[in-house]
Amino acid sequence: MSIFIKNAWYVAAWASEVKRDLFKRRILGENVVLYRKEDGTPVALIDRCAHKLVPLSMGKLVGDVVQCGYHGLQFDCSGKCVQVPGQDRIPPTAVVRSFPVVEQNNAIWIWMGDPALADPAKIHQVLKTDDPKWAVIDGGYQHHMADYLNIAENLQDPAHTTYAHVSTIGNPASSEVPVKVEGSAGFVVSFRWTNNAPPPPIDVRNGKFTGMTDRCQYYNFFAPCVSRVDVVTMDAGQEHTEENMDKGLRAYSYKFLTPETEGSTHFFWMHVRNFGLGDADLEADQIKGMNQTFDEDNAIVGALQREQAIVGVRQFTWLAIDAGPARVRKMLEEMAQAENQKTA
Amino acid sequence: MSIFIKNAWYVAAWASEVKRDLFKRRILGENVVLYRKEDGTPVALIDRCAHKLVPLSMGKLVGDVVQCGYHGLQFDCSGKCVQVPGQDRIPPTAVVRSFPVVEQNNAIWIWMGDPALADPAKIHQVLKTDDPKWAVIDGGYQHHMADYLNIAENLQDPAHTTYAHVSTIGNPASSEVPVKVEGSAGFVVSFRWTNNAPPPPIDVRNGKFTGMTDRCQYYNFFAPCVSRVDVVTMDAGQEHTEENMDKGLRAYSYKFLTPETEGSTHFFWMHVRNFGLGDADLEADQIKGMNQTFDEDNAIVGALQREQAIVGVRQFTWLAIDAGPARVRKMLEEMAQAENQKTA
Amino acid sequence: MSIFIKNAWYVAAWASEVKRDLFKRRILGENVVLYRKEDGTPVALIDRCAHKLVPLSMGKLVGDVVQCGYHGLQFDCSGKCVQVPGQDRIPPTAVVRSFPVVEQNNAIWIWMGDPALADPAKIHQVLKTDDPKWAVIDGGYQHHMADYLNIAENLQDPAHTTYAHVSTIGNPASSEVPVKVEGSAGFVVSFRWTNNAPPPPIDVRNGKFTGMTDRCQYYNFFAPCVSRVDVVTMDAGQEHTEENMDKGLRAYSYKFLTPETEGSTHFFWMHVRNFGLGDADLEADQIKGMNQTFDEDNAIVGALQREQAIVGVRQFTWLAIDAGPARVRKMLEEMAQAENQKTA
């Protein structure tokens, strides 16, 4: 049974990656070629000519159509063949699959399932990318050698940061604060507040706090592919309203998981914050720190996936800290199963 | 079912590749070791000692016999063991398979099937390699990551040159001229004449044409492994006899396909021409251009073969331009099938 | 059926390889992590956390316990979990397998089978490593791409040295002397004496012989994993007693074979001798010569194993020189089979 959930919007690429040439990427096991029309609209086709299967990404763009690099067949943005060399008649089989794509919040989103269900309104609403009071780091990309379920578990798992990310986000102090796990349809959140405590030096620097602070982390997972970690540091003694939290230091750390194959994942990351706008040093530090953190995750999650394959077992022991990760996995596995049964 | 046709002569190596040392090459799935006797005669044995299976190519030549590098067993040119260390008796199992080989037209030809059927008179007659009025480029070799059927189709396919070989032999003008396909037992030819047309600049330079020309390309395939493309440019208005064609610019572009495995092929190429003898610049250009062209073929045919393996389908749509390629494939597949049934 | 014999002591590592950090090695198909306690005692655990299977070698040592690099679970030397982050209760499943290990004769020996049978008294008694009159070269390690059965055969095979090790230990003269093969439970020896012959120049240099000599090689194999080649050169005309042999030049060349997988082997080598103590040049020559010899063995035995896998046959022809190798293989295969049947 496939672990893929096909009827969903995934990040196929950053908006900046797709231009007026042919960009290929494997997504949910399919080879896809992406490009922009002359008017900038993104297009996604299966990367395989309808004649002799040559990857269309080996060809070239001619206006808004893709010309195969083998015999020159031309396909328009809908995948329809519009020219065959040496003959006028275009056979009805000369068509390639096209995929719904939408550009939104700096990314190209793709729908790999039934096109009839591809409602752009269902694309995940990424926060604050268009708010001038917030700074955006986008374009982060890593190739992870693990399936998206193991990566999703890891993203929903605050407990590992103390040990796996010692030199970046690891924080032994906060590891003792218990995490609550809640959720709703297609959503899981693990969170913790550390109230009325002195702020760490980095928050003092960024937020100029003079007294005690309340701090929180929310690990949100929106099925099937978006993780958003919210981090807030605010003056202690206030109500935890959206408005008050926005007055403190606040950041959203996004990861968009796009399965490449059953064992590898495109890991797109983005970061938005309401402080340090225009602070190039801060931003360079953040980029470096996040890439290091995600490299460490990739090493560990890749290793556990290899061990799972050897042993044939996913986990030996269940701990209290597994509540969030286990809930995310269960949600995703049930969605994949439901979709598989419907298709079967 | 194997796609190999075993009862046929294949180019095992260029004559210049095989010397007084042990040269190994995988041919039709078999590891073969080639060498020359002291009198220059080529020899081919299975590359595997009859004792403990060590590749004989790890050993050395002692006179005309091969000595295994593990225990020193010696095998003569017929594969018979003539010496065993530490004992006088030579066990009847101590024999390695030998393959019929013949040196002809600058190549070593090998017969991988039933030796009783190996008639040297059936070796393909390569044209003009011994004619002092013709120049020969031989020794061309590439390793292609596709099976010989896909490569044979590509060699019988004039239509792709316009798109796949833009900077070398691609010629949009001629792509509009329809190709005729004919054939006979073990032979397919696709050809086209472009008559009474101005010659391209390169032909003017090589042939000093002052008026209109007739030009042709013949794509000949001789089963199972020889492709010969004949190209002629001649003054217009003459009969297209062999004699008149020889008065114009004429060249034979040979490719000899030797399956290495079910998914890879030794691609030997040779070129003979009746013009520009002694023109080193012309020859350097030709070598460069042909290597580039065949690299491009390898990239595309390798890619389509990978896609075929993923999809489990060889072709989605049939076009008019597929007549020649499809006919070559059918011929080869029927020959392989007939041979498999006879052996079974 | 597995070719592994599990209930036996194997060299897991040289004593010098295992320190106060986490050292990983695959042994008999299992990933093992090795380290030393603060008091120097070696420890071996399965390299896989009892929680989510992350290799423990990605974590770190905390005193005598291993802390997983993912969530900080701590395991003691017996494999028992002694700390779980975020909870007081330690689940009964939180335990990793530990392996009996013993440090002896410069090596760490490991028992991969039933721990109840792990009797340290059964560890192979390596000779002379603690005798000040003998010089020891240890720490030799190579990774060999063949199973331990093929390597064991090769080590029991004097006949190949003449052809495979021409520039080091190959000696055409002695190849004509017949080898005797004897054995007992768990032991095979092939040996030959060349008596009353002039000594080779190297022995004259090392041993100051003035007359005729008796020389011998004994190829001993102690199941399942120790090969010891004894070489003696002594004045001719004496009885071949242990005492007299010790008065001549005498050396023990050890190889300890530890299966890594069904197709690869850790090849540890050690050499002890009663001459040239403190002769750094001699020792450097020996190290260089032995590494070259074992590289040559690895190339040949690796090649024959690949050919065996292609052909599905291990050997085509049996020769007189195969008596020793065949007897070693039979012994090892029978031991593996007996153990498999007992476990099944």
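Before any of the text, the structure's been laid out above.
Quick summary incoming for the structure in this document. (Residues numbered from 1 in each chain as written. Chains lettered and ligands numbered in written order. Predicted model: local features only at pLDDT ≥ 70, side-chain atom pairs only at ≥ 80, totals over all residues. Heavy atoms only, no water.)

The helix and strand inventory of chain A stands at 6 helices and 18 strands. On C-alpha atoms alone, chain A measures out to a radius of gyration of 22 Å, which is about the 20 Å that the 2.2 N^0.38 rule sets for 344 residues. Within chain A, the fraction of its 344 residues that count as buried is 54%. Counting only contacts in chain A whose residues sit at least 6 apart along the sequence, the fraction spanning at least 24 positions is 58%. For chain A, the distance from the average site of its 34 positive side-chain charges to the average site of its 42 negative ones is 4 Å. (Helix = DSSP H or I, 4+ residues; strand = E, 2+ residues; numbered from the N terminus. Rg over C-alpha atoms; globule rule 2.2 N^0.38 Å. Buried < 20%, exposed > 50% of the residue type's maximum accessible area, 1.4 Å probe, protein only. Contact = heavy atoms within 4.5 Å. Lys, Arg positive; Asp, Glu negative; His and termini not counted. Charge placed at Lys NZ, Arg CZ, Asp CG, Glu CD.)

It is worth spelling out the relation of the copies chain B and chain A at this point. Rotating chain B by 120 degrees about the axis while translating it 0.0 Å along that axis superimposes it on chain A, leaving an RMSD of 0.0 Å. A rotation of that kind, with that shift, is consistent with a three-fold axis. For chain B, the smallest separation between a C-alpha atom and the rotation axis is recorded for Ala309(B), amounting to 14 Å. (Least-squares fit on C-alpha atoms with pLDDT ≥ 70 in both.)

Let's shift gears to unusual backbone geometry. Residues and elements named next belong to chain A. Here the bond from Ala223 into Pro224 is cis, since omega is 0 degrees, no more than 30 degrees from zero. A positive phi is found at Lys128, a non-glycine position, where the angle reads about 70 degrees. Here the phi dihedral of Lys208 falls at roughly 55 degrees; this positive angle occurs in a residue that is not glycine. As for its position among the elements, Lys208 is in the loop between helix H3 (201-207) and strand S15 (213-222). Lys208 gets classed as exposed once you look at its relative accessible area, which sits at 68%.

Glancing now at the interface of chain B and chain A. Residue-level contacts link 27 residues of chain B with 25 residues of chain A. In total, chain B and chain A occlude about 2,100 Å² of area from one another, counting both sides; carbon and sulfur atoms represent 62% of this. Linking chain B to chain A there are 2 salt bridges. Of the charged contacts, one joins Arg48(A) and Glu307(B) as a salt bridge, the two residues approaching to 2.6 Å between their closest N and O atoms. Counting the contacts that link chain B with chain A gives 10 residue pairs in polar contact (both at pLDDT 80 or more). Looking at the side of chain B that touches chain A, the elements that each hand over two or more residues are helix H1 (148-155), helix H2 (161-164) and helix H5 (280-311) of chain B. In terms of residue count, H5(B) provides more of the side of chain B that touches chain A than any other element does, 9 residues in total. Partitioned by chemical class, the residues of the side of chain B that touches chain A number 17 nonpolar, 5 polar and 5 charged. (Buried area = accessible area lost by both parts, 1.4 Å probe. Salt bridge = Lys/Arg side-chain N within 4 Å of Asp/Glu carboxyl O. Polar contact = N/O pair within 3.5 Å; in protein donor to acceptor, adjacent residues only side chain to side chain. Nonpolar A, V, L, I, M, F, W, Y, C, P; charged D, E, K, R; others polar.)

All names here are of chain B. The end-to-end C-alpha distance of helix H6 (residues 323-343) is 30 Å, a good match for the 30 Å that 21 residues give at a rise of 1.5 Å each. Within H6 the residues assigned to the buried category are Gly324, Pro325, Val328, Arg329, Met331, Leu332, Ala336 and Glu339. End-on, the buried residues of H6 take up no more than an arc of 160 degrees, which puts them together on one face. Opposite its buried face, H6 presents the exposed residues Lys330 and Gln341, each directed more than 90 degrees away. Buried residues along H6 sit against H1, strand S13 (180-184), strand S14 (187-197) and strand S15 (213-222). (Expected span 1.5 Å × (residues − 1). Arc of directions from axis to C-beta.)

Residues and elements named next belong to chain C. Judged by pairing direction, the sheet is antiparallel, and its 3 strands sit side by side in the order S1-S11-S10 without closing on themselves. If you trace the sheet from one side to the other, it starts and ends with strand S1 (9-14) and strand S10 (101-104), each paired once. Here the strands of the sheet are splayed against their neighbours by 35 degrees on average, with no regard to which way each runs. In this structure, S1 lies alongside strand S11 (residues 107-111), joined through 5 bridges in antiparallel fashion. Within the sheet, the bridge partner assigned to Trp14 lies in S11 and is Ala107. (Pairing = 2+ DSSP bridges. Axes fitted to C-alpha atoms, helices over the stretch in contact; angles between N-to-C directions.)

With that settled, the discussion passes to the environment of Tyr163(C). Inspection of the secondary structure assignment puts Tyr163(C) in helix H2 (residues 161-164). A sequence separation of 56 residues divides Tyr163(C) from Ala107(C), and the C-alpha atoms of the two residues are 32 Å apart. Residue contacts for Tyr163(C): discarding those within four places in its chain leaves Gln67(B), Cys68(B), Gly69(B), Tyr70(B), His71(B), Gly72(B) and Pro85(B).

One side chain can pair with another of opposite charge once the charged atoms of both are near each other. A full pass over the atoms with the stated rule returns 48 salt bridges over all chains. Between Arg329(A) and Glu333(A) there is a salt bridge whose closest N-O contact spans 3.1 Å. One end of the pair, Arg329(A), and the other, Glu333(A), are both in helix H6 (residues 323-343), 4 residues apart, so they sit about a helical turn from each other. Glu333(A) sits in the partly exposed class, given a relative accessible area of 35%. In this structure, Arg250(B) and Asp246(B) form a salt bridge, with 3.0 Å as the shortest nitrogen-oxygen distance. Take Arg250(B): its relative accessible area is 4%, and that puts it in the buried class. The exposure class of Asp246(B) is partly exposed, given its relative accessible area of 32%.

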